[in-house]
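As a plain string of letters, each chain reads:
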Amino acid sequence: MLEENIIKVQGTVTEALPNTTFRINLDDGRVMIAYLSGKMRKFRIKVLIGDKVEVVTDVSGEKGRITKRL
């Protein structure tokens with residue numbers, strides 16, 4: 001992802017999938033699949049269903065990376 005194409009969005013975790021991936025309902029109504037960032041895995045930050053998270057994605061918005069738990 002190029003820095004100029006990065007979009008930060010917020011959403012709610014609705015489903016936990018295998019390999020630390022999650023289904024996220026974004027605040028604008030879209031649904032996307034996102035995985036945990038490396039720092040969140042390293043420091044063992046837990047993400048549960050119902051948590052508000054910040055997701056970094058590209059312009060297409062199909063997949064993303066969870067960077068922050070709010």
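These numbers come from a predicted model, not from an experiment.

(A) Structural detail: the overall build of the protein. Broken down by element type, the protein carries one helix and five strands. For the protein, the sequential pattern of α-helices and β-strands runs β-β-β-α-β-β. Taken over C-alpha atoms, the radius of gyration comes to 11 Å for the protein, in line with the 11 Å a tight globule of 70 residues would show. C-alpha atoms of the protein, sized along the principal axes, occupy 30 × 25 × 20 Å.

(B) Quick peek at the environment of glycine 11. By secondary structure assignment, the location of glycine 11 is in strand 1 (residues 7–17). Judged by relative accessible area, glycine 11 falls into the buried class, the value being 0%. Here the alpha-carbon distance between glycine 11 and isoleucine 24, two residues 13 residues apart in the chain, equals 6.1 Å. Beyond its immediate stretch of four places on either side in the chain, glycine 11 contacts Ile24, Asn25, Leu26, Asp27, Asp51, Lys52 and Val53.

(C) Representation of the sheet that holds strand 3 (residues 31–36) within the structure. Reading around the circumference, 1-2-3-5-4 is the order of the five strands in this closed barrel, with mixed pairing throughout. Taken over all neighbouring pairs, the strand axes of this sheet differ in orientation by 55° on average, direction set aside. Relative to strand 3, strand 2 (residues 21–26) runs antiparallel, the two being bridged by five bridges. Across the sheet, residue isoleucine 24 finds its bridge partner in strand 3, namely methionine 32.

Here is what the cut-offs are and how they apply
Residues numbered from 1 in each chain as written. Predicted model: local features only at pLDDT ≥ 70, side-chain atom pairs only at ≥ 80, totals over all residues. Heavy atoms only, no water. Helix = DSSP H or I, 4+ residues; strand = E, 2+ residues; numbered from the N terminus. Rg over C-alpha atoms; globule rule 2.2 N^0.38 Å. Buried < 20%, exposed > 50% of the residue type's maximum accessible area, 1.4 Å probe, protein only. Contact = heavy atoms within 4.5 Å. Pairing = 2+ DSSP bridges. Axes fitted to C-alpha atoms, helices over the stretch in contact; angles between N-to-C directions.

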